[in-house]
Amino acid sequence: MDALVAEPSLRGYHLLPSLRGNLRAKLGRPGEARVEFERAGALTRNKREREREREQEQEQEQEQEQEQEQEQERELSAERLARPRRR
């Protein structure tokens, strides 16, 4: 993938960051995926493709927010478990 990104002839090709976004989303990296979808949307001139990239960007943003909420819940649970119990 890095070789493709480094290829000068693909520098403005919007489907490359879209592909990178899809791969990052599948790897569970929604923040990075969102950035790639945003980049893909900025590169395309086609309105429908731009809308689709924006939709994917928003999906990743929501997933990232959910992951952050779940992490906060796990931290709270760990704190509760670490507290000494009163008898």
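Further up the page is the structure itself.
What you see is a predicted model; the values in this text were computed from it and never measured.

Caption draft 1: Local environment of the overall build of the chain. If you tally the helices and strands in the chain, you get four helices and zero strands. Reading the chain from its N terminus to its C terminus gives the helix and strand order α-α-α-α. The C-alpha radius of gyration of the chain comes to 19 Å, more than 25% above the 12 Å expected for a compact globule of 87 residues. Overall size of the chain, expressed as C-alpha extent along the three principal axes, is 70 × 30 × 15 Å. Considering the chain as a whole, with its 87 residues, one finds that 23% of them fall into the buried category. For the chain, the share of sequence-separated contacts (at least 6 apart) that also reach a separation of at least 24 residues comes to 37%.

Caption draft 2: Representation of the pattern of salt bridges in the model. Applying the stated criterion to the full structure yields ten salt bridges. Between Arg 39 and Glu 36 there is a salt bridge; the shortest N-O distance is 2.9 Å. Linking Arg 39 with Glu 36, this pair stays in helix H3 (residues 30-43), spanning three residues, or about one helical turn. On the basis of relative accessible area, Arg 39 is assigned to the partly exposed category, the value being 42%. The exposure class of Glu 36 is buried, given its relative accessible area of 5%. Ionic pairing is found between Arg 74 and Glu 71, a salt bridge with its closest N-O pair at 2.9 Å. In this pair, Arg 74 and Glu 71 both sit in helix H4 (residues 47-82), three residues apart, roughly one turn of the helix. Under the relative-accessibility criterion, Glu 71 is labelled partly exposed at 34%. Linked through salt bridges whose partners overlap, the residues forming this network are Arg 48, Glu 51, Arg 52, Glu 55 and Glu 59.

Caption draft 3: Molecular detail of the side chain of His 14. Position of His 14 among the secondary structure elements: in the loop between helix H1 (2-6) and helix H2 (15-26). At a separation of 2.8 Å, a polar atom in the side chain of His 14 contacts the side chain of Glu 49. Contacts of His 14, omitting those with residues within four sequence positions, involve Ala 40, Leu 43, Thr 44 and Glu 49.

Caption draft 4: Region of interest: the side chain of Arg 20. When you line up the elements, Arg 20 lands in helix H2. With residues up to four places along the chain from it excluded, the contact list for Arg 20 reads Met 1, Asp 2, Val 5 and Glu 36.

Caption draft 5: Geometry of the packing of H2 against H3. At a closest axis distance of 8 Å, the pairing of H2 and H3 adopts a crossing angle of 160°. Here H3 runs roughly antiparallel to H2, going by the angle between their axes. Read as a crossing pair, H2 and H3 show a hand that is left-handed. Within the contact between the two elements, H2 uses Pro 17, Ser 18, Arg 20, Gly 21, Asn 22, Arg 24 and Ala 25 and H3 uses Glu 32, Ala 33, Glu 36, Phe 37, Arg 39, Ala 40 and Leu 43. When its residues are assigned to classes, the contact of H2 with H3 shows six nonpolar, three polar and five charged.

Procedures and definitions
- Residues numbered from 1 in each chain as written.
- Predicted model: local features only at pLDDT ≥ 70, side-chain atom pairs only at ≥ 80, totals over all residues.
- Heavy atoms only, no water.
- Helix = DSSP H or I, 4+ residues; strand = E, 2+ residues; numbered from the N terminus.
- Rg over C-alpha atoms; globule rule 2.2 N^0.38 Å.
- Buried < 20%, exposed > 50% of the residue type's maximum accessible area, 1.4 Å probe, protein only.
- Contact = heavy atoms within 4.5 Å.
- Salt bridge = Lys/Arg side-chain N within 4 Å of Asp/Glu carboxyl O.
- Polar contact = N/O pair within 3.5 Å; in protein donor to acceptor, adjacent residues only side chain to side chain.
- Axes fitted to C-alpha atoms, helices over the stretch in contact; angles between N-to-C directions.
- Parallel < 35°, antiparallel > 145°, perpendicular 65-115°, else oblique.
- Left-handed = near helix turned anticlockwise from the far one by under 90°.
- Nonpolar A, V, L, I, M, F, W, Y, C, P; charged D, E, K, R; others polar.

Without other data, these values stay purely geometric and don't point to any function.
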